[in-house]
Structures are given as structure tokens and as C-alpha cells.
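Chain residues, written in single-letter form:
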Amino acid sequence: MLSGNEIATRLGEVRDRIAHAAARSRRSRDAVRLVLASKTQGAAAVRAAHAAGARDFGENYVQEAADKRAELTELRDARWHLIGHLQSNKVALAIRTFDTIQTLDSARLANTIARLRLSPPMPVLIEINLGEEVSKSGIRAREAAALIDAARDKVEIIGLMTIPPHSDDPRRYFAELRMLRDRLAASSGLALSELSMGMTEDFEVAIEEGATTVRVGRAVFGERPL
Ligand SMILES: *Cc1c(COP(=O)(O)O)cnc(C)c1O
């Protein structure tokens, strides 16, 4: 693991790059939330990032996140975001562990969440598989309107999330997610204000295309151990 000082330095660099990308696109720096993708990182790395001012952490595995939170009870103001696929047998633990679920991908999952938590409803983003890649979770863009209809009374749908296909030109995917959001917001009447897109390799482009949340791991924590 990197030292606490290294993590703090790298976090500062990422923050500067976010501020510049926001300025380039005439957006407020405060309009972009940095979620640190902390999968496989131990509690010490999360603690170091928190000490350097990070407050939002994204985890892919429910059990790993629950264990980490249990080690980090002193970080009362940290917010935890589920950014990995959610299986229905993990919903109860996920609801207790996370502040948002960024990976809603079925009406059935929304039903399961609502059975355990309806009021206040769980804030969720719908994960869109823009490249329709079999290796990735999320729903196809054309299935999103139906999922919103089926899930809007069960969970609080606050936006869309995507992991685009590996590409030399991620910009077109980010623009595609933003336009999909605009269409769905108009047709559903929901604000869908959150656009979670952009990772270490491409978060600046995502911000230029309207990301409100970027999910960054390696740029802050270094390469993940295998
Ligand atoms: C790991 C991960 C990230 C961060 O990836 P980096 O390349 O380390 O920035 C973002 N989003 C999801 C869903 C991830 O699994």
C-alpha cells in the first residue's frame, strides 16, 4: 500500500485535475463528487484518504465493504456507495452498509430493496451497459424507461451510472449517457440529477461531458494488489 502521505498527495492531484476539468467546461467544482473506489484497499488506506479530506468511498463487494466499515467506525461522516453488482441475497447487508446503491439493474432487485426499506426509500442509480457487453452488468439503454416505471415507487432513483466499453474515445459514451439521462428525465418527470461516470483513465473527459460523480481508484491508491 502507498503511505498516507503519498495517498494525500495523489488525492490532491486528482482534486486539482477535477477542478480544472470543471473550469474548462464552465461547471462549478462543487458539482462534481469524487468517490474513491476503495475495493481491495485496506482500512488503513481508506483512513489515510479520509484524513486527507476524502468523504465518499465506492465499494464493489458488499461483505468487503461491511467488514471495512466495521473497522472504520470512527469515520462517522464517510459516505459509502455500492458500485459493484448487487445480488439479492446481499440486499439486507447492503442497505445497512451503503448510503447509495449505484448499480440497480432489475425491477426484482428494486422490489427486494423496498421490502426491507421503503421509507425513506433507498437512493439508487440505474447502471446502464452502454456497450451491451456480456461481461458487464447493467441494463441496456432501451430498457431503462421500463425499469424506471417499475422501480420508481420502490426506491429513490437519483440518476444513471455506467462503465463504458474500453475505448480510445470514451467521450461519446459519456455524452450518450448524458443524453439518455436527459430523455429519461423528460419522459419520467424525475430529476435524475446524478451521472456517475469516469474512472482513473478518463474522469476528466467524463466531467467535461457532465459527470456529477467520478469513481477513481488507482489514481489515488496506486495499482491494486492482485
Ligand atoms: C474499480 C472501479 C472503479 C475505479 O477504477 P480505477 O481505474 O481504479 O480508477 C470505478 N468504478 C467501478 C465500478 C470500479 O469497479
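Fair warning: this is a prediction, and the values are worked out from it, not measured in the lab.

### A closer look at the overall build of the chain
Per the secondary structure count, the chain includes 9 helices and 8 strands. Compactness check: the chain gives a C-alpha radius of gyration of 17 Å against a globular reference of 17 Å for 226 residues, within 12% of the reference. Projected onto its principal axes, the C-alpha coordinates of the chain cover approximately 45 × 40 × 30 Å. Out of the 226 residues in the chain, the part that is buried amounts to 50%. Long-range contacts, defined as pairs at least 24 residues apart, comprise 58% of the intrachain contacts of the chain with a sequence gap of at least 6. Element-wise, carbon and sulfur atoms account for 48% of the exposed surface of the chain, whose accessible area totals about 10800 Å².

### Focus: the packing of aromatic side chains
Tallied over the entire structure, the rule returns 1 aromatic pair. With a centroid separation of 5.4 Å and 35° between ring planes, the pair formed by phenylalanine 57 and tryptophan 80 is classed as tilted. Of the two residues, phenylalanine 57 is situated in strand E2 (residues 56-59) and tryptophan 80 in strand E3 (residues 79-82); the sequence distance between them amounts to 23 residues. Over the face of the ring belonging to tyrosine 173 we find arginine 172, whose NZ or CZ atom lies 4.3 Å from the ring centre.

### Describing the pairing of strand E4 (residues 100-104)
With 5 of 5 residues buried, E4 lies mostly within the body of the structure. The sheet contact formed by E3 and E4 spans 2 bridges and is parallel. By the bridge assignment, histidine 81 is partnered in E4 with threonine 100. In this fold, E3 hands off to helix H4 (residues 91-97), which returns the chain to E4; that crossover is right-handed. Bridging between E4 and strand E5 (residues 123-128) involves 2 bridges; their strand directions are parallel. Within E5, the residue paired with leucine 104 across the bridge is isoleucine 126.

### Considerations on the pattern of salt bridges
Enumeration over the complete set of coordinates arrives at 17 salt bridges. Residues arginine 47 and glutamate 74 are paired through a salt bridge, measuring 2.6 Å at the closest nitrogen-oxygen approach. Remark: glutamate 74 occurs in the loop between helix H3 (62-71) and E3 and arginine 47 occurs in helix H2 (residues 43-51); sequence separation between them is 27 residues. One salt-bridge network, held together by shared partners, links Arg24, Arg171, Arg178, Glu208 and Glu209.

### Remarks on helix H6 (residues 144-151)
Within H6 the residues assigned to the buried category are Ala144, Leu147, Ile148 and Ala151. Around the axis of H6, the buried residues are gathered within 100° of arc, so they sit on the same side. Residues of H6 that are exposed and point over 90 degrees away from its buried face: Ala146 and Asp149. Looking at the packing, one finds that the buried side of H6 touches E4, helix H5 (107-116), E5, strand E6 (156-162) and helix H7 (171-188).

Cut-offs and rules
Residues numbered from 1 in each chain as written. Predicted model: local features only at pLDDT ≥ 70, side-chain atom pairs only at ≥ 80, totals over all residues. Heavy atoms only, no water. Helix = DSSP H or I, 4+ residues; strand = E, 2+ residues; numbered from the N terminus. Rg over C-alpha atoms; globule rule 2.2 N^0.38 Å. Buried < 20%, exposed > 50% of the residue type's maximum accessible area, 1.4 Å probe, protein only. Contact = heavy atoms within 4.5 Å. Areas by Shrake-Rupley, 256 points an atom, 1.4 Å probe, with all protein chains shown as cover. Phe/Tyr/Trp six-rings, centres within 6.5 Å; stacked < 30°, edge-to-face > 60°. Lys NZ or Arg CZ within 6 Å of the ring centre and 35° of its normal. Pairing = 2+ DSSP bridges. Right-handed = clockwise from strand over helix to strand, strands pointing away. Salt bridge = Lys/Arg side-chain N within 4 Å of Asp/Glu carboxyl O. Arc of directions from axis to C-beta.

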